[in-house]
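Per-entry structural report
Spelled out from the first residue to the last, the chains are:
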Amino acid sequence: MFPSIEPSEVGNTGLLWLFLSYGYILFRASGLISEGSELLLLVPSLAGLVGGVVLPLLGAVPDGAIMLFSGLGDIESAQETLSVGVGALAGSTIMLLTVPWGMSVLAGRVNLVAADGTGQKLVANYKGEQKLSPGQSFHKSGVTLTSEVKHGAFVMLLTTIPYFLIQFPASYLEGEHSDNIAKGEKGWALLALIVCVTGFVGYLYIHFKASREDEQKFRRMEVMKNMLQTGQLSLGGIFYDLVKKYDGKAVPSGTKTGGQYQSIDNGSGSEPSPQVMEYLKSVLSASFQKYDLDNSATLGKNEVRIFLKDFREDVSEEELDVLFTKYDKDGSGGISLDEFVLACYSIVTAAHTEPTTSEAMMTREESLERGVASAALDALQSGSGEEEEEEIPHDIAKLSPEKQEAAVKKKAFTMLAFGTFLVLLFSDPMVDVMQEIAFRVHISPFYVSFILAPLASNASEVIASAYYASKKTSKTITVSFSALEGAAAMNNTFCLSIFMGLIFFRGLAWQYTVETISIVLVQIIIYYMTLRDVLTAFNGLVIIAVFPLSIVLIATLEALGFD
């Protein structure tokens, strides 16, 4: 099976090159799966399926593939390489609940202030003008733990039950030959497999139900902001399907009425539904502040013109005049955030046309002209005379909103398919490489995969969690922690079910008492930490330290005779 390079036949430099190459490919594949899944969040009609099934399932594919391939091959070698898969399971679960969790606390920390006069109860000050004071101590800064995070930690703890089921026979069969252990564990492995699959299906149902009720809206909002700010989709493309779902007012592609956007021209005073209004305000508020150069809490006509150019909406001067006539109620020449949101809603619900061939094939001069206003704005805000290269607009952003939705789906499914293909192709050779590394450095394959496997399969989740947390809001920190808890729950159900299947169907033995203790103990620690209302930055440092301490715990218990 390709790739066909045998790790045992290359030197140390070649082995390092193989690890770095396979690791990078798996890292990129994991990123493709993650990005493709998040793209589908932009399509509300798929929200339940994506948020409830696709995101949690495909997020566990890289780890699951490594674990599956570690138990294949002939029985004797499979029993040996299984420790690579167990190391990947333990390393992934413990790393996700320690390093990125602690990093999220540090990245998302704000000042902690007294909730009452006594000063006994502290809360995160997310609404202050200065969220984090310079030099603020680690004991007086932190993040809020919402009810969603607490509930997620409880569900995660419940999914550890299969570990106890398989560990029960493994404890009293310890010391016997692996064949006898495998026979004694078979019935328990089947029971644990059933519980894993039941927990997996139940977890997907919980997420599916939550997604149908739009409980993943905060994560979707962040994806929408990123797509809009990077120019991958236009303003109309970002909100088109959302408005169509909740308001039913998106007009099919056609022609503008009298050369104008229909909803601007018809003067209807319609307003968005509460759901759409929440999305509009959340996604557009940061842009409003960015383009408010004079900090007047209003945008003038020139500032709105720059905004629309940057976000791929070709509104003419006449149409811009209509907008201000309609929404600048006091005639001050500026519109507030609420008026700005309503104006954008008018543009989103208007009819858009496909660009002509000549429009689509923009010249270099036209492309550069499109970015002049934004570049000038960034220079004004930074106060720097340094020039930055303006990104050429993406092809998708030039399409009509309907076509943008179709293009997003196509791009997302392509990324998901290609990412999954790479994972399945390179997970097996990656297992062989880690096994060979362990052989050459004379340590257990478990420790090699415990440290190295998460670097390849979970790096994108580490980056994503820190990114969300850095927004410094209770919503984004909830998104960050919930994603990490969900990943751990998937390891406890989907990934562990792979091991239980290997033990039951292939007759392999579960001889990992110490590893089981460490996995369950770390999850108990995280659950205990979420019982409080806030986590301080110092708590975050302690949580990060749990990762290396878990390795010390495993080595110590093994030295004492466990396993």
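Residues numbered from 1 in each chain as written. Predicted model: local features only at pLDDT ≥ 70, side-chain atom pairs only at ≥ 80, totals over all residues. Heavy atoms only, no water.

**Remarks on unusual backbone geometry**
Most of the time, phi is negative for any residue but glycine, and the peptide bond is trans. Defined as follows: Numbering of helices and strands starts at the N terminus; helices are DSSP runs of H or I of at least 4 residues and strands are runs of E of at least 2.
In this structure, A297 is a non-glycine residue whose phi angle is positive, near 65°. When you line up the elements, A297 lands in the loop between helix 12 (274–291) and strand 4 (299–300). Phi is positive for K472, which is not a glycine, with a value near 55°.

**Let's talk about the sheet that holds strand 2 (residues 122–124)**
How we decide: Whether two strands pair depends on DSSP finding at least two bridges between them. Only the stretch in contact is used when fitting a helix axis, every axis being a line fitted to C-alpha atoms; angles between N-to-C directions are given from 0 to 180 degrees.
If you walk across this open sheet you meet the 4 strands as 2-1-3-6, and the pairing is antiparallel. If you trace the sheet from one side to the other, it starts and ends with strand 2 and strand 6 (534–536), each paired once. Averaged over all neighbouring strand pairs, the angle between strand axes comes to 50°, with direction disregarded. The pairing of strand 1 (residues 110–114) with strand 2 spans 3 bridges and is antiparallel. Each residue of the ladder has a partner; that of A114, found in strand 2, is L122.

**Examining the nonpolar core**
Rule in force here: Only buried residues count toward a nonpolar core, which is a set of Ala, Val, Leu, Ile, Met, Phe, Trp, Tyr and Cys residues joined through side-chain atoms within 4.5 Å. When a residue's accessible area, from a 1.4 Å probe over protein chains only, is under 20% of the maximum for its type it is buried; when over 50% it is exposed; and in between it is partly exposed. Contacts are assigned to residue pairs that have any heavy atoms within 4.5 Å of one another.
W101, L235, F239, M500 and W510 are the most contacted members of the largest nonpolar core, which totals 147 residues. When residues in this core are grouped by element, the largest group, 17 residues, is from helix 21 (residues 474–506). In this view, W510 contacts V86, I166, Q167, A170, I181, E185, L496, F499, M500, I503 and T516; residues no more than four positions away in its chain are not counted.

**Some points on the packing of aromatic side chains**
Selection criterion: To pair, rings of Phe, Tyr and Trp, with the six-membered ring standing in for Trp, must have centres within 6.5 Å; the planes then decide the type, stacked if under 30 degrees apart, edge-to-face if over 60, and tilted in the middle.
With the rule as written, the count across this model stands at 15 aromatic pairs. With 5.5 Å between their ring centres and 40° between their planes, F200 and F494 make a pair best called tilted. Here the residue F200 occupies a position in helix 8 (residues 178–212), and F494 occupies one in helix 21, the gap between them amounting to 294 residues. According to the relative accessible area criterion, F200 is buried, its value standing at 15%. Arranged with centres 6.0 Å apart and planes meeting at 75°, the rings of F499 and W510 form a pair that is edge-to-face. Of the two residues, F499 sits in helix 21 while W510 sits in the loop between helix 21 and helix 22 (513–529), which places them 11 residues apart along the sequence. By the burial criterion, F499 is buried, and W510 matches it.

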